[in-house]
Amino acid sequence: MGVTGVLPCIYHIHGGGYVMGKVSDYDPLVRPLIADLQCVMVSVEYRLAPETNFPGPIEDCYAGLAWTIAHAEDLGIDPTRLGVMGQSAGGGYAAALALMVRDRGEYALAFQHLIYPMLDDRTCTAAPHPYAGEFIWTAQSNRFGWTSLLGHAPGGDDVSPYAAPARATDLGNLPRAYIATGALDLFVDEDIDYATRLIRAGVPVELHVYPGGYHAFDVFADGPVSQQARRDSHEALRRSLA
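**Notes on the nonpolar core**
Reasoning step 1: Counting residues in hydrophobic clusters, the biggest one holds 53 residues, and the most contacted among them are Tyr11, Ile13, Leu97 and Tyr194.
Reasoning step 2: Residue assignment for this core shows that the elements contributing at least two residues are β1 (7–13), β2 (40–44), α2 (56–70), β3 (77–87), α4 (89–104), α5 (139–150), β5 (176–182) and α6 (188–200).
Reasoning step 3: Residue contributions to this core peak at ten residues, all from α4.
Reasoning step 4: Counting eleven residues, the second-largest nonpolar core is a separate cluster that includes Val30, Leu33, Met41 and Leu241.

**A few points about the packing of α2 against α4**
Reasoning step 1: It is the contact of α2 with α4, at a shortest axis distance of 10 Å, that shows an interaxial angle of 65°. On the basis of the axis angle, α2 is roughly perpendicular to α4. The way α2 lies across α4 gives a crossing that is right-handed. Only Tyr93, Ala96, Leu97, Met100, Val101 and Arg104 of α4 make contact with α2, whose side of the interface consists of Pro57, Ile58, Glu59, Cys61, Tyr62 and Leu65.
Reasoning step 2: Residue composition of the contact of α2 with α4, by class: ten nonpolar, no polar and two charged.

**A short note on α2**
Reasoning step 1: In this model, α2 (15 residues) spans 21 Å end to end at C-alpha, consistent with the 21 Å of a helix rising 1.5 Å per residue.
Reasoning step 2: All buried positions along α2 are accounted for by Gly56, Pro57, Ile58, Asp60, Cys61, Tyr62, Gly64, Leu65, Ala66 and Thr68.
Reasoning step 3: Looking at the buried positions of α2, the neighbouring elements they touch are β1, β2, α3 (72–75), β3, α4 and α5.

**Remarks on the sheet that holds β3**
Reasoning step 1: Judged by pairing direction, the sheet is parallel, and its six strands sit side by side in the order β2-β1-β3-β4-β5-β6 without closing on themselves. Of all the strands in the sheet, the pair left with one neighbour each is β2 and β6 (205–210). Averaged over all neighbouring strand pairs, the angle between strand axes comes to 15°, with direction disregarded.
Reasoning step 2: One ladder, built from six bridges, connects β5 with β6; its direction is parallel. Paired with Ala180 across the two strands is His208, which belongs to β6.
Reasoning step 3: Contacts from helix α1 (residues 27–37) reach β1, β2 and β3 within the one sheet, and its direction differs from that of β2 by about 155°.
Reasoning step 4: On top of the sheet, α6 reaches β5 and β6; it is set at about 160° to β5, its chief contact.

**A short note on α4**
Given 3.6 residues per turn, any residue in an α-helix points the same way as the ones three and four places further on.
Reasoning step 1: The end-to-end C-alpha distance of α4 is 22 Å, a good match for the 22 Å that 16 residues give at a rise of 1.5 Å each.
Reasoning step 2: By the criterion of burial, α4 is predominantly enclosed, with 13 of the 16 residues buried.
Reasoning step 3: Positive phi appears at Gly105, one or two residues downstream of α4, with a value of about 70°.

**Focus on a nonpolar patch on the surface**
Reasoning step 1: A contiguous nonpolar patch, built from Leu29, Phe135, Ile136, Val219 and Phe220 and spanning about 490 Å² of accessible area, is present on the exposed surface.
Reasoning step 2: Considering the arrangement of structural elements, one finds Phe220 in helix α7 (residues 217–220).

**Some details on the pattern of salt bridges**
Reasoning step 1: Here the structure, examined in full by the defined rule, presents 13 salt bridges.
Reasoning step 2: The partner of Arg31 in a salt bridge is Asp27, with the nearest N and O atoms 3.3 Å apart. Of this pair, Arg31 and Asp27 both sit in helix α1, separated by four residues, roughly a single helical turn.
Reasoning step 3: Counted as one network, the salt bridges with shared partners bring together Asp36, Glu235 and Arg238.

Rules used throughout
- Residues numbered from 1 in each chain as written.
- Predicted model: local features only at pLDDT ≥ 70, side-chain atom pairs only at ≥ 80, totals over all residues.
- Heavy atoms only, no water.
- Core = buried A, V, L, I, M, F, W, Y, C linked by side-chain atoms within 4.5 Å.
- Buried < 20%, exposed > 50% of the residue type's maximum accessible area, 1.4 Å probe, protein only.
- Helix = DSSP H or I, 4+ residues; strand = E, 2+ residues; numbered from the N terminus.
- Axes fitted to C-alpha atoms, helices over the stretch in contact; angles between N-to-C directions.
- Parallel < 35°, antiparallel > 145°, perpendicular 65-115°, else oblique.
- Left-handed = near helix turned anticlockwise from the far one by under 90°.
- Contact = heavy atoms within 4.5 Å.
- Nonpolar A, V, L, I, M, F, W, Y, C, P; charged D, E, K, R; others polar.
- Expected span 1.5 Å × (residues − 1).
- Pairing = 2+ DSSP bridges.
- Patch = residues over 30% accessible without salt bridge, like charges linked within 9 Å, V, L, I, M, F, W, Y side chains within 5 Å.
- Areas by Shrake-Rupley, 256 points an atom, 1.4 Å probe, with all protein chains shown as cover.
- Salt bridge = Lys/Arg side-chain N within 4 Å of Asp/Glu carboxyl O.

The following block contains the structure:
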């Protein structure tokens, strides 16, 4: 990149509904950010459900963050400008990691960048949305993903906020958040609700809801709305890393 000195860092967590995906799947999406934003990116290869249930995967994410911070000097990272980013299930893990980091008090995150994050298992048991969730990630897929992660049916009373961040009752003292979702995404209601609750807890939030956007619309389509979503995300990361 032709830069010297320590750099900011994006700690990236890939998506896949908690049951699929790997770091290399997201390379084409996130690798271009490194040179343009002049940052370091570290991605975590967490274990997948159902072979590994909660809390295994989020503990993997925490362990990867701990390793990154422990090796910050070797990696040329400024640990005060390190934030977490994730899409879909990766966005859920990113939000959960922000909660876990706050509660354990060992480290600090500068920001959380959540792209259509998968935050609430109770979406599986709520009344069906009349329009959202018809494409890419459906209600049936959602139930399978959450059941696989939790090891039991979603929607009960005993779900940890480190599994489903929307379950957290205290959202104060969390890093500033960027949350983006589509109006036709199954997660639209839970994402808007989480953003609203963060705002009420005093957390700086930038929320985007894109008209006509279904799950992963910014990846699987290239129309004006998808292009705008990518630009908005990119520029928000630039500001967060500054």
